[in-house]
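# Examination of the molecular architecture
Single-letter residue listing:
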Amino acid sequence: MSEQEVKNLEEIFEAKIARDEKIEPKDWMPEKYRKTHIRQISQHAHSEIVGMLPEGNWITRAPSLRRKVALLAKVQDEAGHGLYLYSACETLGISREELYEQLHSGKAKYSSIFNYPTVTWADMGAIGWLVDGAAIINQVPLCNTSFGPYARAMVRVCKEESFHQRQGYEIMLTLCRGTEEQKQMAQDALNRWWWPSLMMFGPTDAESTHTEQSMKWKLKRKTNDELRQQFIDQTVPQAEILGLTIPDEDLKWNEETGQYDFGKINWNEFWQVVKGHGPCNKERLQTRVDAWENGEWVRDAAMAYSEKQTAKKVQKAS
Amino acid sequence: MSDKKKNWPLWEVFVRSKNGLEHRHFGSLHAADEEMALENARDVYTRRSEGVSIWVVESKHIKASNPDENGEMFEPAADKVYRHPTFYDLPDEVKHM
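Treat the numbers as computed from the prediction; the structure is a model and nothing was measured. (Residues numbered from 1 in each chain as written. Chains lettered and ligands numbered in written order. Predicted model: local features only at pLDDT ≥ 70, side-chain atom pairs only at ≥ 80, totals over all residues. Heavy atoms only, no water.)

Right, let's get into the overall build of chain B. When its secondary structure is counted, chain B shows 2 helices and 3 strands. Helices and strands in chain B line up, N terminus first, as β-β-α-β-α. Computed over its C-alpha atoms, the radius of gyration of chain B comes to 22 Å, more than 25% above the 13 Å expected for a compact globule of 97 residues. Considering only C-alpha atoms, chain B reaches an extent of 75 × 35 × 15 Å along its principal axes. Residue pairs at least 24 apart in sequence account for 42% of intrachain contacts in chain B once pairs closer than 6 positions are excluded. (Helix = DSSP H or I, 4+ residues; strand = E, 2+ residues; numbered from the N terminus. Rg over C-alpha atoms; globule rule 2.2 N^0.38 Å. Contact = heavy atoms within 4.5 Å.)

What chain A contains, in helices and strands, is 13 helices and 2 strands. Each of the 318 residues in chain A was classed as buried or not, and the buried ones make up 49%. Taking contacts inside chain A between residues at least 6 apart in sequence as the whole, the part at least 24 apart equals 76%. With the model as given, the accessible surface of chain A reaches about 16200 Å², and the carbon-plus-sulfur share is 54%. Taken together, the 41 basic and 46 acidic charged side chains of chain A have centroids lying 6 Å from each other. (Buried < 20%, exposed > 50% of the residue type's maximum accessible area, 1.4 Å probe, protein only. Areas by Shrake-Rupley, 256 points an atom, 1.4 Å probe, with all protein chains shown as cover. Lys, Arg positive; Asp, Glu negative; His and termini not counted. Charge placed at Lys NZ, Arg CZ, Asp CG, Glu CD.)

So, about the interface of chain B and chain A. Taken together, the 19 residues of chain B in the interface contact 25 residues of chain A. Of the roughly 2000 Å² buried where chain B meets chain A, counting both sides, 60% is carbon and sulfur surface. Taken together, the links from chain B to chain A amount to 1 salt bridge. In terms of residue class, the side of chain B that touches chain A is made up of 9 nonpolar, 4 polar and 6 charged. (Buried area = accessible area lost by both parts, 1.4 Å probe. Salt bridge = Lys/Arg side-chain N within 4 Å of Asp/Glu carboxyl O. Nonpolar A, V, L, I, M, F, W, Y, C, P; charged D, E, K, R; others polar.)

Bringing the pattern of salt bridges into the picture now. In a structure, side chains of opposite charge can pair up when their charged atoms sit close to one another. In this structure the tally under the stated criterion is 21 salt bridges over all chains. Put simply, E24 of chain A and R16 of chain B hold a salt bridge, and the shortest N to O gap is 3.3 Å. In this pair, E24 of chain A sits in the loop between α1 (3-18) and α2 (31-50) while R16 of chain B sits in strand β1 (residues 10-16), so the two residues belong to two different chains. Both residues of the pair, E24 of chain A and R16 of chain B, belong to the buried class. Measuring nitrogen to oxygen at the nearest pair gives 3.1 Å for the salt bridge that ties K74 of chain A to E78 of chain A. Of the two residues, K74 of chain A and E78 of chain A both sit in helix α4 (residues 65-90), 4 residues apart, roughly one turn of that helix.

Once that is clear, we can look at the sheet that holds β1 of chain B. Residues and elements named next belong to chain B. Read from one edge of the open sheet, 3 strands run β2-β1-β3, paired in antiparallel fashion. Edge positions in the sheet fall to β2 (24-30) and β3 (53-58), since each has one partner strand and no second. Within this sheet the neighbouring strands show an average axis-to-axis angle of 25°, counted without direction. Pairing of β1 with β2, which is carried by 6 bridges, proceeds in the antiparallel orientation. Paired with L10 across the two strands is H30, which belongs to β2. Along the sheet, helix α1 (residues 34-45) makes contact with β1, β2 and β3, crossing β2 at roughly 115°. (Pairing = 2+ DSSP bridges. Axes fitted to C-alpha atoms, helices over the stretch in contact; angles between N-to-C directions.)

Our next topic: the packing of aromatic side chains. All names here are of chain A. All told, the structure shown has 17 aromatic pairs over all chains when counted by the stated rule. Here W253 and Y260 contribute two aromatic rings whose centre-to-centre distance is 4.9 Å and whose plane-to-plane angle is 70°, an arrangement assigned as edge-to-face. Taken together, the ring pairs connect F13, W28, Y33 and W217 into an aromatic cluster. Here the guanidinium or amino end of R156 rests over the ring plane of Y84, the centre of that ring lying 5.4 Å away. (Phe/Tyr/Trp six-rings, centres within 6.5 Å; stacked < 30°, edge-to-face > 60°. Lys NZ or Arg CZ within 6 Å of the ring centre and 35° of its normal.)

A pair of packed helices can be characterised by two numbers: the angle between their axes and the separation between those axes. Residues and elements named next belong to chain A. Relative orientation of the contacting elements α4 and helix α7 (residues 148-176) amounts to 160°, with a least axis distance of 10 Å. If you check the angle between α4 and α7, you find them roughly antiparallel. At the point where α4 passes α7, the crossing takes the left-handed sense. Class assignment for the residues of the contact of α4 with α7 results in 12 nonpolar, 4 polar and 9 charged. (Parallel < 35°, antiparallel > 145°, perpendicular 65-115°, else oblique. Left-handed = near helix turned anticlockwise from the far one by under 90°.)

Mean pLDDT over chain B stands at 94; residues scoring 70 or higher make up 97%. Of the two predicted TM-score estimates for the complex, the pTM is 0.93 and the ipTM is 0.88. (pLDDT = per-residue confidence, 0-100.)

Right, let's get into the environment of K252 of chain A. Residues and elements named next belong to chain A. Relative to the assigned elements, K252 resides in strand β1 (residues 252-254). Residue K252 is classed as exposed on the basis of its relative accessible area of 55%. Along the sequence, K252 and F262 sit 10 residues apart, while their C-alpha atoms lie 6.6 Å from each other. Non-local contacts of K252, meaning those with residues more than four positions away in its chain, are made with Q259, Y260 and D261.

Before going further, it helps to examine unusual backbone geometry. Residue and element names in this part refer to chain B. Phi is positive for S49, which is not a glycine, with a value near 55°. By the secondary structure assignment, S49 is in the loop between α1 and β3. Using a relative accessible area of 67% as the deciding quantity, one classes S49 as exposed. Positive phi values are uncommon outside glycine, yet H96 reaches one of about 60°. Summarising the element assignment, H96 is placed in the segment after α2 (70-74).

Right, let's get into helix α6 (residues 122-139) of chain A. Residues and elements named next belong to chain A. Relative to the 26 Å expected for 18 residues at 1.5 Å per residue, α6 spans 24 Å between its end C-alpha atoms, a close match to the ideal helical length. The largest bend in α6 amounts to roughly 25° and is located at G128. For α6, the tally of buried residues reaches 16 of 18 residues, placing the bulk of the element in the interior. (Expected span 1.5 Å × (residues − 1). Bend = angle between axes of the 7 residues up to and from the residue.)

Below, the structure written as structure tokens:
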């Protein structure tokens, strides 16, 4: 294709996006659009898969059957969401094997929040309330993103996830209405998960290298800082209902802006965790790789069975 | 070799009515091969600009669930109320959840 032809195609493409038309897998798209989407959708898929691990830690130790089935259903959803997202990503011409390889080799990233440990039962409450709360704020605008398969996957994900945050908040509420010790456990979980949750929205707009291009392609519809502010404004009143204190001395309602002002985020910690030095980075990745390798015989057995059945059918037919 | 004349196989037709929407099952038709199936699908199902994309797949390649087995297939989801947001009790004053 000549340079002029590519330029024409790019113009048609940009105009489509500007008109809010969706891009489908067989449509022409700039190579950078394809690559950026593979990166973002696969990171999102990896986050769903690795996101099962901190919660998996508590399934066998949930305090009641009610809590256990709810947590199990939530983790099950996350596996399903990983699958929807990997499938959407595969429409861009990358194979599932390549995607897994990128995760297992550490080349691909997943949400840093999952590199923190889940040390008490209250962490299941805090994760549902804060981590899923932040994820929902990130994901709702993606239902309207420009790449069709990603947008359609997100519609399903958002619908199914609506119970995740509520089950977390219900855990927090029960603890906060319990003994002093239980309430303390809830406060401790909030103290540990608050700041990492704010970091889930990514670097500030000034520091974010991908935001501008992603906004132009409508891959992102709101900036990191806008989403973070929305999360804080929604979550502070929810903490008040629980009777818990947000661990930020600078947090204050600002009459003028109609929003909460908040303290400085420790970006050094954020980058440390992104670079692999968080409390659980190694453990999470190792658990994931082990699960994949230990499951190999199951995948092989299913394939061998299928081949045997096919051979039988062929034999019968001849 | 059998003297019987071979019939054109059956194809299922899926049409995307506009970008952003999924392909939907529109119906089926007979055709000798996939190219003909695609062209016939265009002529039969998109005469009034009903679509921007067509998929055809030979019907025999679709594995369908058996309605007689709907009980064991779908009933297990019926008693899992905890998969729905309404299962969780939250006070009315909690907003944005």
